[in-house]
Amino acid sequence: SILFADIYPLTTADFNSSQQLINPNGPEVQFVLFTRENAPYGLDPQFNGSFNESGFNFENPTKIITHGFMSSIKYDVFMLIKNAFLETGAYNVIGMDWSALCHVEYASAMHGAKIAGKQLGDFLNWLTSNGVNLSDIHIIGHSLGAHVAGIGADVVQGGRVARITGLDPAGPGYGDIKEELKLDPQDAMLVDVVHTFMKVIGTARPSGHVDFYPNGGKYQPGCPDLTSLQLTNSILCNHGRSFQLFAESIRNPRAFKSKRCQALEDALSSRCLQDTEVYMGQESSYQTGLYYFKTRSQFPYSMSATDT
């Protein structure tokens, strides 16, 4: 099971601030709202009053972030992206925790993703019933969480959410599965995907309107070789680089200028030569297609960045 783990260590400060977010006696899927102004607040669709008391701001865009296998919103996969949003702008950031459904072996977690996705769909419909506009909703999902996002958005009533970002969507088990059970371009008005470890965990197949293949999408510079001695570290590093790059793109909108690829083979072979003004993470710059960009081997990953 460790092959597919999405577990990333937090700093002590992060853990101390996040360990009480998840109710150990609560439901299998929990939604926690974070804003600049208010303390984290659990949103419960079974209790309509929770929305009115939560501090949700209709003036701000809504970001829903969810994790993958063997993970939770206590880990970097959520914390890095949440912090990047709230430290750079005013947002409603909602952490979706479905850790109770994905802390066993991978096949069970795939089944758990279906359950979590259905509950995400119910949650999205609850948000819209409270006046939230679908055009203000952006879902970000890592690994199995990318498919949870797709499943949930697929059952939204009255339209489609504005955007889904898939961060190295899980590949094993999702090759020939039905479209409604995985992330695909029909799930949102815009689906953008970042592929960082398609060699082992992720998928090479384009699954969005805009697909990015940093460093060719197979391996990421600075990560350990995929050997028996470094297997776990290599997987955590390559697979996790997707959300690290995305978090950096929030703080630095011009971090990852990309080249257009004529074909998937070119993306995987780093043979993309066409200059563009497309920047990974920046929706306003997007044009449909496949893209490649190169990164540094350590943070900051932008080639234009310097160490601080």
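Conventions adopted
- Residues numbered from 1 in each chain as written.
- Predicted model: local features only at pLDDT ≥ 70, side-chain atom pairs only at ≥ 80, totals over all residues.
- Heavy atoms only, no water.
- UniProt positions renumbered as here; feature names shortened; annotations may be inferred.
- Disulfide = S-S within 2.5 Å.
- Helix = DSSP H or I, 4+ residues; strand = E, 2+ residues; numbered from the N terminus.
- Buried < 20%, exposed > 50% of the residue type's maximum accessible area, 1.4 Å probe, protein only.
- Phe/Tyr/Trp six-rings, centres within 6.5 Å; stacked < 30°, edge-to-face > 60°.

Within an unreviewed UniProt entry, the label attached to the protein chain reads Lipase domain-containing protein, and the organism entered is Dendroctonus ponderosae. Per UniProt, the protein chain carries the Subcellular location (unreviewed entry) text "Secreted". Listed under Sequence similarities (unreviewed entry) in UniProt, the entry text for the protein chain is "Belongs to the AB hydrolase superfamily. Lipase family."

S.K.: I keep staring at the state of the cysteines and nothing clicks. Help me out?
M.R.: Joining two cysteines, a disulfide is a covalent bond between their sulfur atoms. A complete count under the given rule lists two disulfides for this structure. Between Cys-223 and Cys-237 runs a disulfide, and the two sulfur atoms are separated by 2.0 Å. Torsion about the S-S bond of the Cys-223 and Cys-237 cystine: about -80 degrees, corresponding to left-handed handedness. Separated by 14 residues along the polypeptide, Cys-223 in the loop between strand E8 (210–212) and helix H6 (231–251) and Cys-237 in helix H6 bring together distant segments of the chain. One disulfide bridge connects Cys-261 with Cys-272, the sulfur atoms lying 2.1 Å from each other. Sign of the S-S torsion, about 105 degrees for the bond between Cys-261 and Cys-272, identifies this disulfide as right-handed. In this pair, Cys-261 is assigned in strand E9 (residues 257–261) and Cys-272 in the loop between helix H7 (264–268) and strand E10 (274–279), connecting sequence segments 11 residues apart. Exposure remark for Cys-261: the relative accessible area of 7% places this residue in the buried category. On the basis of relative accessibility, which here comes to 3%, the residue Cys-272 falls in the buried class.

S.K.: Mind showing me how you'd approach the packing of aromatic side chains here?
M.R.: Each aromatic ring pair is characterised by the separation of its centres together with the angle its planes make. Inspection of every chain in the model, using the stated rule, returns 16 aromatic pairs. Residues Phe-34 and Phe-78 carry aromatic rings whose centres are separated by 5.3 Å and whose planes lie at 50 degrees to one another, so their mutual orientation is tilted. Residue Phe-34 is found in strand E1 (residues 30–34), and its partner Phe-78 is found in helix H3 (residues 76–88); the two are separated by 44 residues along the sequence. The exposure class of Phe-34 is buried, given its relative accessible area of 6%. Taken together, Phe-31, Phe-51, Phe-56, Phe-58, Phe-123 and Trp-126 form an aromatic cluster joined through their ring pairs.

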